[in-house]
Amino acid sequence: MHVIINQAGKIPVAILKGRMDALTSPDVKNQLLSTINPGLAVLIIDCSMLEYLSSAGIRVFYQIAKAMADWHGELIFCSTTEVVSEIFTMVGMHTDFKIFPHLDEAIALVNEKN
Amino acid sequence: MTIADIIKLIISLVNNLAFILIAAYLVTRTKLYTEIILEKRLTLKNSLFLSVIFGFFAIYADYGAFIYGKSLISLRDLGPEIAGLIGGPVAGLGAGFIGGIHRYFYSSGGTQIACSVTTILSGLIAGLVFLLRKGKVPGIWGAVIFVASIEILHNFLVFVIRQDGSYDFISIIQAGFLPTLFANSLGMAIFMLISTNLVREKESDGARQRMEKELDLAREILASLLPDPLVKQPDRFSINIYSFIRPARFVGGDFYDYYLLDDSRLLILIGDVSDKGIPAALFVSRCKSILGSAVKVIRAYYHEEADPARILEFANEELLTANETCMFVTLFIGLLDFEKQELLFSNAAHTNPFIVSADGKIHQPEYRKARPLGLKKDPEYVSCTTMINPGDKLVLYTDGITEAMNPKGEFFSANRLLRTLAENHTSSPEELVRNLITKVDLFALGQSQNDDIAVVAMSYSPVNE
């Protein structure tokens, strides 16, 4: 499992590559936490290369969102595969987070807001 | 030294080192050695053991020594050095004497006094190092430095106790000081490496055993959380419940429970906590307490209007507190009314159960999708109703069943589950559950279980007067 952090202008984009399960999730959480600084408005999670997501992974997303909520920061997702979409739907993440089919749309929306 | 000499020397040293490696591995795995190095029990017996073993090392080293002119290039001192460093002065001296005296009589090229004395001294000094360090075995580098010092001492003694007056500094060096120094250091490093490996292995073994004991206890505690078989049946109905739970690891996140609300109503639930293993099991414990409290409240205050959706709301609010790690749980709660032949249920993102009628019809009740418990405030939980007749089997399960994988990577899937239910439409709840688990295990073909598994089947019938 690799986390690659890119920058789309001022917005950090975290690309998750591999499987996010009980074994790999703690590392992902730590890497994402070190990416977000207090005051960060948006973090985009790019799921295009996310092969598998277990409940451990879901928890990490909610924990990051909780941390960012302290300063009204937002966690946004994009490019989920079918497998991951199903899991997102089951848990109801689409009611808690914005999920976009493509990275560009996510970035466009963020820039629109600013 | 010619090139041929150097090659022969290297071969001889490598042979000796190989012997040390094998012997070290065997010796360090004896019970006696474990006693000495781990428990530091320095009885006379242990010291004797070390003296003999490492004295033998010293003797063997001489036979495998490389003969160059009048000198023996050997790993003789290594034995007493090890004995002294790990076993103290008695062991070191003992091994030193055995090795030293043998050396004196083995070869009389003029260096025998210096060599024997060094061997004896090496054991003694190693023993003193042991005392100074209060029994703590030196690290690899410390031991190597010690060995190097003894080698320098050795050559100094040879230089000083010249027995035939022909030694000077250059010939001492030429006589293989450097190779011996290198070989002895390497031998000591190898032995210490093997020895510290052993220590680390035993310590982690100990830690592992302690952990396993705690896990066993955890499993017992969790097992006692499971509901007892329905001992007190209601008067007018006979209820048959059979369940099966198997965690993926020692303990897990799948659980079920049931409560007899009154003479004709049974509350039954099944849940699946996020993750697996101990973290999930801890959360199960919490869920059960909360659900148990909810049922108590319902029994006491809302007896007539008992509603599973309200239980989910209550549980959700409770689980949102003190939940930094964002654990969540999918849950299905059903309230069976045997008189009305109705199932009132609410589902928080859990796998939808099946109702298998005796005539073979299988259906899953329609319901409104809702969120798992513990994630967000104010999710909307609603209760739905469906018919459940006497003789019908209500089958609750967790996704460990449908997501069981075989070596090819295929899932057991809802299809196979449906087929198994159809094949068992006339079976008792127990037969159905057992057959299902057998099917799942046969399907998985020995592939390790990747998620907790739980199945509960129940049916009811009126008691004939």
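Please read these numbers as outputs of a predicted model, since none were measured by experiment.

What counts as what
- Residues numbered from 1 in each chain as written.
- Chains lettered and ligands numbered in written order.
- Predicted model: local features only at pLDDT ≥ 70, side-chain atom pairs only at ≥ 80, totals over all residues.
- Helix = DSSP H or I, 4+ residues; strand = E, 2+ residues; numbered from the N terminus.
- Rg over C-alpha atoms; globule rule 2.2 N^0.38 Å.
- Buried ≥ 20, exposed ≤ 12 C-beta atoms within 10 Å, placed from the backbone.
- Contact = placed C-beta atoms within 7 Å.
- Domains from an automatic or database assignment.
- Pairing = 2+ DSSP bridges.
- Axes fitted to C-alpha atoms, helices over the stretch in contact; angles between N-to-C directions.
- Nonpolar A, V, L, I, M, F, W, Y, C, P; charged D, E, K, R; others polar.
- Expected span 1.5 Å × (residues − 1).
- Right-handed = clockwise from strand over helix to strand, strands pointing away.
- pLDDT = per-residue confidence, 0-100.
- Parallel < 35°, antiparallel > 145°, perpendicular 65-115°, else oblique.
- Left-handed = near helix turned anticlockwise from the far one by under 90°.
- Core = buried A, V, L, I, M, F, W, Y, C linked by C-beta atoms within 7 Å.
- Arc of directions from axis to C-beta.

**Student:** I'd like to hear about the overall build of chain B, residue by residue, with values.
**Tutor:** Along its length, chain B carries 14 helices and 12 strands. Here chain B has a C-alpha radius of gyration of 38 Å; the compact-globule value for 465 residues is 23 Å, and the former is much larger. C-alpha atoms of chain B, sized along the principal axes, occupy 115 × 45 × 40 Å. In chain B, which comprises 465 residues, the share counted as buried stands at 41%. Of the contacts formed within chain B by residues at least 6 apart in sequence, a portion of 74% connects residues at least 24 apart.

**Student:** Describe the domain arrangement of chain B, naming the residues involved and giving the relevant values.
**Tutor:** Structurally, chain B comprises domain 1 (3-212) and domain 2 (227-462). Taking only C-alpha atoms, the centre of domain 1 of chain B and the centre of domain 2 of chain B are 68 Å apart.

**Student:** Let's hear about the sheet that holds strand 7 (residues 342-348) of chain B: which residues, and what values?
**Tutor:** Residue and element names in this part refer to chain B. The strand order across the open sheet built from five strands is 4-5-6-7-10, with neighbouring strands paired in antiparallel fashion. The sheet is open, and its two edges are formed by strand 4 (254-262) and strand 10 (384-387), each paired on a single side. Averaged over all pairs of adjacent strands, the angle between strand axes in this sheet comes to 20°, irrespective of strand direction. Judged from the seven bridges that link them, strand 6 (residues 329-337) and strand 7 form a sheet pairing that is antiparallel. In the strand pairing of strand 7, L335 is matched with L344.

**Student:** Can you tell me about the sheet that holds strand 11 (residues 393-397) of chain B, naming the residues and giving the values?
**Tutor:** Residue and element names in this part refer to chain B. A sheet is described by the order of its strands in space; here five strands give the open sequence 3-12-11-8-9, paired in antiparallel fashion. Strands at the two margins of the open sheet, each flanked by one partner only, are strand 3 (237-246) and strand 9 (362-363). As paired elements, strand 3 and strand 12 (residues 453-462) share 10 bridges and run antiparallel to each other. Opposite S238, over in strand 12, you have S461 as the bridge partner. Contacts between helix 14 (residues 429-444) and the sheet are confined to strand 3, strand 11 and strand 12, with strand 12 contributing the most and set at about 160° to the helix.

**Student:** Kindly report on the interface of chain B and chain A, identifying the contributing residues and their values.
**Tutor:** Contacts between chain B and chain A engage 11 residues on the former and 12 residues on the latter. The residue makeup of the side of chain B that touches chain A, split by class, is five nonpolar, two polar and four charged.

**Student:** Can you explain helix 3 (residues 44-63) of chain B? Please cite residues and give values.
**Tutor:** Because each turn of an α-helix spans 3.6 residues, side chains separated by three or four positions in sequence point in the same direction. Over its 20 residues, helix 3 of chain B extends 29 Å from the first C-alpha to the last, a length consistent with the 28 Å expected when each residue adds 1.5 Å. Taken together, the buried positions of helix 3 of chain B are occupied by N46, S47, F49, L50, S51, I53, F54, G55, F57, A58, Y60 and A61 of chain B.

**Student:** Give a description of the pairing of strand 2 (residues 11-20) of chain A that names residues and reports values.
**Tutor:** Residue and element names in this part refer to chain A. Judged from the seven bridges that link them, strand 1 (residues 2-8) and strand 2 form a sheet pairing that is antiparallel. Bridge pairing in strand 2 places V3 opposite L16. The turn linking strand 1 back onto strand 2 is made up of two residues, and G9 within it adopts a positive phi angle of 70°. Summarising the sheet, strand 2 and strand 3 (residues 42-46) pair through three bridges and their orientation is parallel. Directly across from I15, in strand 3, lies its bridge partner D46. Note that the unit made of strand 2, helix 1 (residues 25-35) and strand 3 has a crossover that is right-handed.

**Student:** A description of the confidence of the model for chain B should follow, citing residues and the corresponding values.
**Tutor:** Averaged over all residues, the pLDDT of chain B is 87; the fraction at 70 or higher stands at 94%. Per the prediction output, this complex has pTM 0.74; the corresponding ipTM is 0.87.

**Student:** Describe the packing of helix 4 (residues 78-87) of chain B against helix 9 (residues 177-223) of chain B, listing the residues and the values that go with them.
**Tutor:** Residue and element names in this part refer to chain B. Across the interface, helix 4 lies against helix 9 with an axial gap of 10 Å and an inter-helix angle of 40°. Accordingly, the angle class assigned to the pair helix 4 and helix 9 is oblique. In this structure, helix 4 meets helix 9 at a crossing whose hand is right-handed. Along the contact surface, helix 4 presents L78, E81 and I82, while helix 9 presents N184, G187, M188 and F191. Of the residues that constitute the contact of helix 4 with helix 9, the class distribution is four nonpolar, two polar and one charged.

**Student:** I'd like a description of the nonpolar core, backed by residues and values.
**Tutor:** Residues and elements named next belong to chain B. Counting residues in hydrophobic clusters, the biggest one holds 97 residues, and the most contacted among them are L269, L312, V455 and V456. In terms of residues, this core owes the most to one element, helix 10 (residues 277-301), which gives nine residues. Not counting chain neighbours up to four residues away, the residues in contact with V455 comprise S243, F244, V395, Y397, I401, V433, L436 and I437. Core analysis: the second largest hydrophobic core is formed by 43 residues, I82, V129, V147 and M192 among them.

**Student:** Let's hear about unusual backbone geometry: which residues, and what values?
**Tutor:** A negative phi angle characterises most non-glycine residues, just as the trans form characterises most peptide bonds. Look at S79 of chain A: it is not a glycine, yet its phi comes out positive at around 55°. Topologically, S79 of chain A is positioned in the loop between strand 5 (74-78) and helix 3 (82-91). Judged by C-beta crowding, with 21 C-beta atoms within 10 Å, S79 of chain A ranks as buried. A positive phi angle, close to 70°, is found at S413 of chain B, a residue other than glycine. By the secondary structure assignment, S413 of chain B is in helix 13 (residues 413-423). Note on S413 of chain B: 14 C-beta atoms within 10 Å, which makes it partly exposed.

**Student:** Quick one: what's the story with the environment of L42 of chain B, residue by residue and with numbers?
**Tutor:** Residues and elements named next belong to chain B. Within the element layout of this structure, L42 appears in the loop between helix 2 (31-39) and helix 3. With 151 residues separating them along the chain, L42 and L193 place their C-alpha atoms 22 Å apart. Setting aside residues no more than four positions away along its own chain, L42 makes contact with S47, G87 and G88.

**Student:** So what's going on with helix 11 (residues 308-320) of chain B? Residues and values would help.
**Tutor:** All names here are of chain B. The end-to-end C-alpha separation of helix 11 is 18 Å, in line with the 18 Å expected for 13 residues at 1.5 Å each. Among all positions of helix 11, only P308, A309, I311, L312, A315, N316 and L319 are buried. Seen along its axis, helix 11 keeps its buried residues to an arc of 150°; they face one direction. Looking at the packing, one finds that the buried side of helix 11 touches helix 10, strand 6 and strand 7. Backbone geometry just downstream of helix 11 places A322 in the positive-phi region, at approximately 50°.

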